[in-house]
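# Summary of structural features
Below are the chains, spelled out letter by letter.
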Amino acid sequence: MKEIRWHGRGGQGAFTASKLLGAAATLEGKYALAFPFFGPERRGAPIQAFTKIDDKPITDRSVVKKCDYMLFLDETLYSETLNGDLKENGKIIINSQNPDKYENPQVIAFNARQIAEEILKRPVTNTALLAAFAIISKAVSLEEIESVLGLYLPKKIAEKNKEVIERVAIELEKASCIL
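Residues numbered from 1 in each chain as written. Predicted model: local features only at pLDDT ≥ 70, side-chain atom pairs only at ≥ 80, totals over all residues. Heavy atoms only, no water.

### Notes on the nonpolar core
Applicable threshold: The definition of a nonpolar core used throughout is a set of buried Ala, Val, Leu, Ile, Met, Phe, Trp, Tyr and Cys residues joined through side-chain atoms within 4.5 Å. Only protein chains enter the accessibility calculation, which uses a 1.4 Å probe; a residue is then buried when its area is under 20% of its type maximum, exposed when over 50%, and partly exposed in between. In this text, helices come from DSSP runs of H or I with a minimum length of four residues, and strands from runs of E with a minimum of two, each type numbered from the N-terminal end.
In this structure, Trp6, Phe110 and Val168 are the most contacted members of the largest nonpolar core, which totals 45 residues. A per-element tally of this core places helix H3 (residues 126-137) first, with 9 residues.

Here it is, written out as structure tokens:
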């Protein structure tokens, strides 16, 4: 089973990305479970969302403690102490305006905010990190992610997010993050 933990702030779309990932996995014939965990329900408060993907039905509905992947929509939520929450060969994907500061090979950082602001005109990085996850993990295809965007997003926003996905693929390829 692939276990993914999303870290974000209320209003950044971490739970939406978790649901999109789960929906994309089911289109590929897998089982998926996506759910949020948050304290005070307000914009800007730290939240976590979880996605579990497997080839068989998922019966464990508990939060993810040991992750295959951790994704940080907000870099301020990342701490090196969280590296201990990774499974062996796990990866951390971070939205960072200074990606070069991360030297840990388990950490993949890129400026998702810049991509989102250029295309969406808003600093909403959830789809960019979702695309990076798909590329790096190969757990789902970009095509399936693009096909589920319309299930959770208005058509115009879904189309813009497809542009974000395409741009992330280009940027990660240039940065050799997926080699």
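Resuming the write-up.
### Brief notes about the sheet that holds strand S6 (residues 107-110)
Defined as follows: Whether two strands pair comes down to DSSP finding at least two bridges between them. Think of each axis as a best-fit line through the C-alpha atoms, taken over the contacting stretch in the case of a helix, with angles from 0 to 180 degrees between the N-to-C directions. In what follows, residue pairs with any heavy atoms lying within 4.5 Å of each other are defined as contacts.
Reading across the sheet, the 6 strands line up as S2-S3-S1-S4-S5-S6 and stay open at both edges, with mixed pairing between neighbours. Sheet topology places strand S2 (31-38) and S6 at the edges, where each strand pairs with a single neighbour. For this sheet, the mean angle separating the axes of adjacent strands, direction not counted, is 15°. Bridging between strand S4 (residues 67-72) and strand S5 (residues 86-95) involves 5 bridges; their strand directions are parallel. Paired with phenylalanine 72 across the two strands is isoleucine 94, which belongs to S5. Strand contacts of helix H1 (residues 14-27): strand S1 (2-9), S2 and strand S3 (46-54), with the helix running at about 5° to S3, the strand carrying the most contacts.

### Topic: the side chain of glutamate 75
Defined as follows: Polar contact criterion, stated in full: a pair of N or O atoms within 3.5 Å, where within protein one must be able to donate a hydrogen and the other to accept it, and residues adjacent in sequence count only if both atoms are side-chain atoms.
Turning to its location among the elements, glutamate 75 is positioned in the loop between S4 and S5. In this structure the side chain of glutamate 75 is engaged in a polar contact, spanning 2.4 Å, whose partner is the side chain of tyrosine 102. Excluding residues that lie within four positions of it along the chain, glutamate 75 makes contacts with Ile94, Asn95, Ser96, Gln97, Lys101 and Tyr102.

### Concerning the pattern of salt bridges
For clarity, the threshold we go by: Salt bridge criterion: a side-chain nitrogen from Lys or Arg within 4 Å of a carboxyl oxygen from Asp or Glu.
Counting across every chain of the model gives 12 salt bridges. A salt bridge links arginine 113 to glutamate 117, with the nearest nitrogen and oxygen atoms 2.9 Å apart. Here the residue arginine 113 and the residue glutamate 117 both occupy positions in helix H2 (residues 112-120), the gap between them amounting to 4 residues, near one helical turn. For arginine 113, a relative accessible area of 33% translates into the label partly exposed. Exposure remark for glutamate 117: the relative accessible area of 33% places this residue in the partly exposed category. Three or more residues are tied together by salt bridges with common partners; here these are Glu3, Asp68 and Lys87.

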